[in-house]
Amino acid sequence: MQQSISKASVHAFYADAIPHGRNTAENLQAATSERFNTLLKSIDDQTPRTALDLGYGVGNYTLALARAGFRVVAVDQIPCTSLLRRIGSSGDWAHQIEPRRCLAEDFTIEEDFGVVVAKDVLHYLARHDVETLLTHAVAQAHGANHHYLEVFTGISRRSPSGQLLRIQGEADYSPDAFQHVIEEIYNGWDLSFHWSDHAEQDSRTGRTCFEATRATVIAANPAA
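Worth saying up front: this structure is predicted, and the values here are computed from it rather than measured.

J.: Explain the pattern of salt bridges here, please?
T.: Think of it this way: side chains of opposite charge can pair up when their charged atoms draw near. The tally for this structure, following the rule as stated, stands at ten salt bridges. When the shortest N-O distance is used, the salt bridge between E150 and K119 registers 3.9 Å. Highlighted residues: E150 in strand β6 (residues 146–158) and K119 in strand β5 (residues 115–119), separated in sequence by 31 residues. The partner of D172 in a salt bridge is R166, with the nearest N and O atoms 3.7 Å apart. Judged by its relative accessible area of 35%, D172 is partly exposed. Residues joined in a network through salt bridges with shared partners are R71, E98, R100 and E111.

J.: Honestly, the packing of aromatic side chains in this entry has me stumped. Any pointers?
T.: Two aromatic rings, taken as a pair, are described by how far apart their centres are and by the angle between their planes. Considering all chains together, one arrives at nine aromatic pairs under this definition. Note on F13 and Y14: the rings are 5.0 Å apart at their centroids and 80° apart in plane angle, and the pair reads as edge-to-face. Y14 gets classed as buried once you look at its relative accessible area, which sits at 12%. Between Y14 and Y124 the ring centres are 6.0 Å apart and the planes differ by 65°, which places this aromatic pair in the edge-to-face class. Separated by 110 residues along the polypeptide, Y14 in helix α1 (residues 7–17) and Y124 in the loop between β5 and α5 (127–139) bring together distant segments of the chain. Judged by relative accessible area, Y124 falls into the buried class, the value being 17%.

J.: In this structure, what is going on with the state of the cysteines? I would like to understand it.
T.: As used in these notes, a disulfide is a covalent bond between sulfur atoms, one from each of two cysteines. For the structure on display, the rule yields zero disulfides. Cysteine C80 shares no disulfide, and the gap to the nearest cysteine sulfur, in C102, comes to 12 Å. Assessed through its relative accessible area of 26%, C80 is described here as partly exposed.

J.: Explain the pairing of β6 here, please?
T.: For a regular strand, the rule is simple: side chains alternate between the two faces of the sheet. Extensive coverage of β6 is indicated by the burial of ten of its 13 residues. With five bridges joining them, β5 and β6 adopt parallel strand pairing. Its bridge partner being in β6, V115 is matched across the sheet by H146. Where the polypeptide runs from β5 across α5 and back to β6, its parallel neighbour, the crossover connection is right-handed. Across ten bridges, the pairing between β6 and strand β9 (residues 208–220) is antiparallel. In the sheet register, S156 faces β9, and the bridge partner there is E211. Relative to strand β7 (residues 164–167), β6 is paired through two bridges, and the arrangement is antiparallel.

J.: Can you help me understand the nonpolar core in this one?
T.: Most often, soluble globular proteins have nonpolar side chains that are buried together. Counting 65 residues, the largest nonpolar core has L52, L65, L122, L149 and Y186 as its most contacted members. Dropping the residues within four chain positions of it, L65 is found in contact with F36, L40, A51, F70, V72, V115 and V117. Core analysis: the next-biggest nonpolar cluster, separate from the first, contains five residues, F152, I155, C209 and A212 among them.

Reading guide: rules and limits
Residues numbered from 1 in each chain as written. Predicted model: local features only at pLDDT ≥ 70, side-chain atom pairs only at ≥ 80, totals over all residues. Heavy atoms only, no water. Salt bridge = Lys/Arg side-chain N within 4 Å of Asp/Glu carboxyl O. Helix = DSSP H or I, 4+ residues; strand = E, 2+ residues; numbered from the N terminus. Buried < 20%, exposed > 50% of the residue type's maximum accessible area, 1.4 Å probe, protein only. Phe/Tyr/Trp six-rings, centres within 6.5 Å; stacked < 30°, edge-to-face > 60°. Disulfide = S-S within 2.5 Å. Pairing = 2+ DSSP bridges. Right-handed = clockwise from strand over helix to strand, strands pointing away. Core = buried A, V, L, I, M, F, W, Y, C linked by side-chain atoms within 4.5 Å. Contact = heavy atoms within 4.5 Å.

Rendered as structure tokens:
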């Protein structure tokens, strides 16, 4: 029998873990990925110098974008205190970050963001919200835009006792279903998909508590 976990409890977990600097099995403190770093270095002046980081968490992607010269709207449901503390008076780029406390699914995309990042957040949303959010992001993209998405698909969660767990209302995409949705939404964009197995262990029991296929999507709008 599958046990449901409320989204409110998931929100509360991250609202506690991130401000207190607690790393979890998913490695919240991990540095930006090599694929993202390579993408960021490849972006030229045709791309609007605005960026959106959905579910910024500890802020590593937000800071990388700001350092690269982007004005960054950083969205997360947690208080922005920890991000502001990290920014401090770090340099000329510090003023370019605009934290917004908001659930990703409640954020309305109304401007042309040159770069959109959504890492490890979309799989928590309902499918309708994922697809609406990405559709709006694409509709507002008028330049040489780049979207970087990391999304867990084919998720299997287990409690310490081995019971199957599911977050209420989560997207629950299979890899094939997710790829199909992305190809429909990003019709006409240049797409690359990278797939990797992902597993996390419960620190108390040593058992695998989370397994999934991680989809990394890099979408480039050829419009200039």
